[in-house]
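So the chains spell out like this:
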Amino acid sequence: MYYKVIISLLFLFVLIGCNNSVENNPTDEAKLQICFQNNSSYQLNNLTVSNKLIGSLESKLSSQYIAFESFGFDTGMPDENANAVVNGKTITNHNRGYWCGTEKIKADSGKYLIKIAVIDTVLHLSCENAPTIDYP
């Protein structure tokens, strides 16, 4: 009689474990996946990009790929707000300084690596394989 209870409990734990493994890795099915690489010499704490908390990212390390619904690019550069705490101070990329005639694109699929640098207390985001507008 006890073996039936034990087998039922084991089956339940296996079933719950399988469901949790799918939920804990949403990027497997995500159409848009972005990895963030900290190329600065600083630890980026509470890194937030496009209103999504990425977390802390040590110098010279990368995050896992993170699922996004969409992500903005402008003339090949990431075009989303970003901020992080560095040495106790919040720094941003809000002054991106794009010129007129830029090519704004909202990506909703693809896999991108965004590199982050800290220059003069400003976050600078770059992407080597950013989407661009193809003209005929």
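Since we're looking at a predicted model, the values are computed, not measured.

Below, the discussion takes up the overall build of the chain. Broken down by element type, the chain carries 1 helix and 11 strands. Starting at the N terminus and walking to the C terminus, you meet the elements of the chain as α-β-β-β-β-β-β-β-β-β-β-β. Burial statistics for the chain: of 136 residues in total, 32% are counted as buried. A separation of at least 24 residues holds for 60% of the contacts in the chain among residues at least 6 apart in sequence. For the chain, the accessible area works out to roughly 9300 Å², and carbon and sulfur atoms hold 55% of it.

Turning to the confidence of the model for the chain, a few remarks are in order. When pLDDT is averaged along the chain, the result is 82, and 74% of the positions lie at 70 or above. Across residues 8-25, confidence stays below pLDDT 50; counting only partners more than four residues off in sequence or on other chains, it has 0 contacts.

Bringing the sheet that holds strand β5 (residues 71-74) into the picture now. If you trace the 3 strands from one edge of the open sheet to the other, you get β6-β5-β9, paired in antiparallel fashion. Two strands bound the open sheet, and with one partner strand each, they are β6 (77-78) and β9 (104-107). Judged from the 4 bridges that link them, β5 and β9 form a sheet pairing that is antiparallel. By the bridge assignment for β9, aspartate 74 is matched with lysine 104.

The final tally for this structure, using the stated rule, is 4 aromatic pairs. Summarising the aromatic geometry, the rings of phenylalanine 71 and phenylalanine 73 are spaced 5.4 Å apart at their centres and angled 55° between planes, so their arrangement reads as tilted. The two residues phenylalanine 71 and phenylalanine 73 agree in class, both being buried. Look at phenylalanine 73 and tyrosine 112: their rings are 5.3 Å apart centre to centre, the planes differ by 50°, and that puts the pair in the tilted class. Remark: tyrosine 112 occurs in strand β10 (residues 110-119) and phenylalanine 73 occurs in strand β5; sequence separation between them is 39 residues. As far as the burial class goes, phenylalanine 73 and tyrosine 112 line up, both buried. One aromatic cluster is present, formed by Phe36, Phe68, Phe71, Phe73 and Tyr112 through successive ring pairs. For lysine 111, the ring lying beneath its charged end belongs to tyrosine 65, and the centroid distance is 4.6 Å.

On the secondary structure map, aspartate 74 appears in strand β5. Among the polar contacts made by the side chain of aspartate 74, one reaches the side chain of threonine 75 at a distance of 3.0 Å.

Turning next to the sheet that holds strand β3 (residues 52-57). Across the sheet, 4 strands lie side by side as β3-β2-β7-β8; this open sheet has antiparallel pairing. Among the strands making up the open sheet, the edge pair consists of β3 and β8 (89-92). When the angles between neighbouring strand axes are averaged without regard to direction, this sheet yields 20°. Judged from the 4 bridges that link them, strand β2 (residues 44-49) and β3 form a sheet pairing that is antiparallel. Paired with leucine 47 across the strands is glycine 55, a residue of β3.

Time to look at the nonpolar core. Core analysis: the biggest nonpolar cluster contains 25 residues, and Ile34, Phe36, Leu44, Val49, Phe68, Phe71 and Leu123 have the highest contact counts within it. Going through the elements one at a time, β1 (32-38), β2, β3, β4 (66-68), β5, β7 (82-86), β10 and β11 (122-127) are the ones with two or more residues in this core. Considering each element in turn, this core owes the most residues, 4 residues, to β10. The residues contacting phenylalanine 71, other than those within four sequence positions of it, are Leu32, Ile34, Val49, Ser50, Pro78, Glu80, Ile105, Lys106, Ala107 and Ile114.

Conventions adopted
- Residues numbered from 1 in each chain as written.
- Predicted model: local features only at pLDDT ≥ 70, side-chain atom pairs only at ≥ 80, totals over all residues.
- Heavy atoms only, no water.
- Helix = DSSP H or I, 4+ residues; strand = E, 2+ residues; numbered from the N terminus.
- Buried < 20%, exposed > 50% of the residue type's maximum accessible area, 1.4 Å probe, protein only.
- Contact = heavy atoms within 4.5 Å.
- Areas by Shrake-Rupley, 256 points an atom, 1.4 Å probe, with all protein chains shown as cover.
- pLDDT = per-residue confidence, 0-100.
- Pairing = 2+ DSSP bridges.
- Phe/Tyr/Trp six-rings, centres within 6.5 Å; stacked < 30°, edge-to-face > 60°.
- Lys NZ or Arg CZ within 6 Å of the ring centre and 35° of its normal.
- Polar contact = N/O pair within 3.5 Å; in protein donor to acceptor, adjacent residues only side chain to side chain.
- Axes fitted to C-alpha atoms, helices over the stretch in contact; angles between N-to-C directions.
- Core = buried A, V, L, I, M, F, W, Y, C linked by side-chain atoms within 4.5 Å.

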